[in-house]
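Below are the chains, spelled out letter by letter.
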Amino acid sequence: MLIERLVIGDPAAKELLYDRYAGALYGIVLQLVPVKERADEVIVKVFFWAFHHIAAFQTSGHRTLFAWLLRKTREFAIKEALPETALTGKELMKQEEGVLQQFYMILPADQQQVFRLSYFKGLSITTIARLLALPEEQINDILKDAMKSFRQFLKETWN
Amino acid sequence: MELKFYIESGIIESFVLGLASDEEVAELQHMRKLYPELDTEVEFVERRLERAAFDEPAMPPVEIRDRVLQKIRWEQGHAYSDPSSNYTFINIQPKDGDHITVHRWWKVFFIIFFIMSKVFLFLAIFYYLKYRLSQEQRSDNLHQMIRQEQTQSPLL
């Protein structure tokens, strides 16, 4: 099994991990960091991190390596992302494509705003509440509604 | 029924995307212990998301793969090296046939060799010029002596 081989440090398993997941993760990274050089850097960091912390997968609560890698990918991507004011528009590559962007587009305006700030920008509920001048409970409810919609979206499209 | 309601709340999707708070994650883990079927539901959600991402992959540039794999090879090289050895190596790129691995002292040796070659080149030019200067002075002196002898000889 791939995980066991990764835990013992099998180089062929590491290559396999990269070949299997790099494409899918890169597609997501480009939705979060629309600057190619920074997206490349995120992928390198994610795989270096994964090779060194593979033992942590067992206790992460995730059932698939993809979800475990995706979670870390988002963390690195948020750190690498440029502020929107620094983007010129030329570097946007997959802003309108990809599963997360497709989901974002079908959300109502209030859920779009909260989901964008929470998932794409990595802001906490408290920060979002302050930014939007709304109570934290309301932000929590909006995000929960967005997650219900995400469940439906995934079930309907990729069940 | 309560479990169904819990699942339908989107908590699993929130956990998978990394948006659940620490309290929500702790609650989910507790619920998973109580209801092992939640593990299956987590796996379903993760697989759905995986399928969605695999539907639109974007391969990173080849050099990114090379960078990642080079690091694996480098670490592998270290893993199999003798840990008791005191040698330190500058690992250029092992095991691809086009590169070599040399001892750190070669770097010092080449720097000293380069500096010494420059010093010797400078000394060679310096002494050559000095030699030419002394030769010119000697020939000037010889010419002077001949001229002096020539000017003195008609008087004799």
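Reading the values: the criteria
- Each chain carries its own residue numbering, running from 1 in the written order of its sequence.
- Labels follow written order: the first chain is A, the first ligand is 1, and so on.
- The predicted origin of the model limits local features to residues at a pLDDT of at least 70 and limits the giving and counting of side-chain atom pairs to 80 or more, whereas totals for whole chains, interfaces and linings rest on all residues.
- With hydrogens and water excluded, all non-hydrogen atoms of the structure serve as input to the side-chain values.
- Each helix corresponds to a stretch of at least 4 residues labelled H or I by DSSP, and each strand to a stretch of at least 2 residues labelled E; elements are numbered beginning at the N terminus.
- Categorising residues by exposure relies on relative accessible area from a 1.4 Å probe, with only protein chains included: less than 20% of the type maximum marks a residue as buried, more than 50% marks it as exposed, and the intermediate range marks it as partly exposed.
- The contact rule is simple, with two residues in contact once any of their heavy atoms fall within 4.5 Å.
- Calculation of accessible area relied on Shrake-Rupley with a 1.4 Å probe; when residues are assessed, cover is drawn exclusively from the protein chains displayed.
- The working definition used for a salt bridge is a side-chain nitrogen of Lys or Arg within 4 Å of a carboxyl oxygen of Asp or Glu.
- Using a 1 Å grid laid over the protein atoms alone, points where a 1.4 Å probe fits but cannot get out form a cavity; open sets with protein on both sides within 12 Å along at least 5 of 7 lines form a pocket; any residue with an atom within 4 Å of a point counts as lining.
- Grid points are joined across faces, edges and corners, and a volume is the space filled by probe spheres set on the points.
- Here the term charged refers only to Asp, Glu, Lys and Arg, the term nonpolar to Ala, Val, Leu, Ile, Met, Phe, Trp, Tyr, Cys and Pro, and the term polar to all other amino acids, Gly among them.
- Axes here mean lines fitted to C-alpha atoms, for a helix over just the part in contact, with angles spanning 0 to 180 degrees between N-to-C directions.
- Roughly parallel refers to an angle under 35 degrees, roughly antiparallel to one over 145, roughly perpendicular to one between 65 and 115, and oblique to any angle outside these ranges.
- What the arc measures is the spread of directions leading from the helix axis to the C-beta atoms.
- One fewer than the residue count of a helix, multiplied by 1.5 Å, yields its expected span.
- The angle between axes fitted to the seven residues ending at a residue and the seven residues starting there is what we call the bend at that residue.
- Under this definition, polar contacts are N or O atom pairs within 3.5 Å; protein pairs additionally need one hydrogen-donor-capable and one acceptor-capable atom, and for neighbouring residues in sequence, both atoms have to be side-chain atoms.
- Think of a nonpolar core as a cluster: buried Ala, Val, Leu, Ile, Met, Phe, Trp, Tyr and Cys residues, connected wherever their side-chain atoms sit within 4.5 Å.

**Student:** Please provide a residue-by-residue account of the overall build of chain A, values included.
**Tutor:** The helix and strand tally for chain A stands at eight helices and zero strands. For chain A, the N- to C-terminal ordering of α and β elements is α-α-α-α-α-α-α-α. Residue burial in chain A is summarised as follows: out of 159 residues, 50% are buried. Look at the contacts in chain A between residues 6 or more apart in sequence, and 59% of them connect residues 24 or more apart. Counting every atom, chain A has about 7400 Å² of accessible surface; 52% of that belongs to carbon and sulfur.

**Student:** Which residues make up the pattern of salt bridges, and what values go with them?
**Tutor:** Enumeration according to the criterion identifies 16 salt bridges over all chains in this entry. Of the charged contacts in the structure, one is a salt bridge between E8 of chain B and K155 of chain A, with a shortest N-O distance of 3.9 Å. Placement of E8 of chain B in helix α1 (residues 2-8) and of K155 of chain A in helix α8 (residues 136-158) is noted, with the two residues assigned to different chains. With relative accessibility at 28%, the residue E8 of chain B sits in the partly exposed group. Each of R151 and K155 of chain A together with E8, E13 and E41 of chain B takes part in one network of salt bridges that share partners.

**Student:** Now, about the layout of surface pockets: what can you tell me, with residues and values included?
**Tutor:** Its volume calculated, the largest pocket comes out at about 620 Å³. Secondary-structure elements contributing two or more residues to the lining of the largest pocket are α4 (65-80) and α8 of chain A together with α1, α2 (11-17) and α3 (22-34) of chain B. With six residues, the top contributor of residues to the lining of the largest pocket is α8 of chain A. Classifying every residue of the lining of the largest pocket by side-chain character gives ten nonpolar, nine polar and nine charged.

**Student:** Describe the packing of α4 of chain A against helix α4 (residues 37-55) of chain B, with residues and values.
**Tutor:** The interhelical angle for the contact between α4 of chain A and α4 of chain B, taken along N-to-C directions, is 70°, at an axis separation of 9 Å. On the basis of their axis angle, the class for α4 of chain A and α4 of chain B is roughly perpendicular. Judged by residue contacts, F66, A67 and L70 of chain A of α4 of chain A engage E46, L49, E50, A53 and F54 of chain B from α4 of chain B. Per-class residue counts for the contact of α4 of chain A with α4 of chain B are six nonpolar, no polar and two charged.

**Student:** So, helix α7 (residues 125-132) of chain A: which residues are in play, and what are the values?
**Tutor:** All names here are of chain A. Those residues of α7 not exposed but buried are I125, I128 and A129. Seen along its axis, α7 keeps its buried residues to an arc of 100°; they face one direction. In α7, the exposed residues that point more than 90 degrees away from the buried face are R130 and L131.

**Student:** Go over helix α2 (residues 11-32) of chain A with me, naming the residues and quoting the values.
**Tutor:** Residues and elements named next belong to chain A. Across its 22 residues, α2 extends 29 Å between first and last C-alpha, which sits within 8% of the 32 Å expected from 1.5 Å per residue. The largest bend in α2 comes to about 45°, at A22. Across the 22 residues of α2, 17 count as buried, placing the element largely inside the fold. The N-cap of α2, judged by a side-chain oxygen 3.0 Å from the amide nitrogen of A12 a few residues on, is D10.

**Student:** So what's going on with the nonpolar core? Residues and values would help.
**Tutor:** Residues and elements named next belong to chain A. Within the largest apolar cluster, 81 residues are counted, with the highest numbers of intra-cluster contacts made by L17, F47, L65 and F115. Broken down by element, this core gets its largest block of residues, twelve residues, from α2. Not counting residues up to four positions away in its chain, the partners in contact with L17 are L2, L6, A22, F47, A50, F51, L65 and L69.

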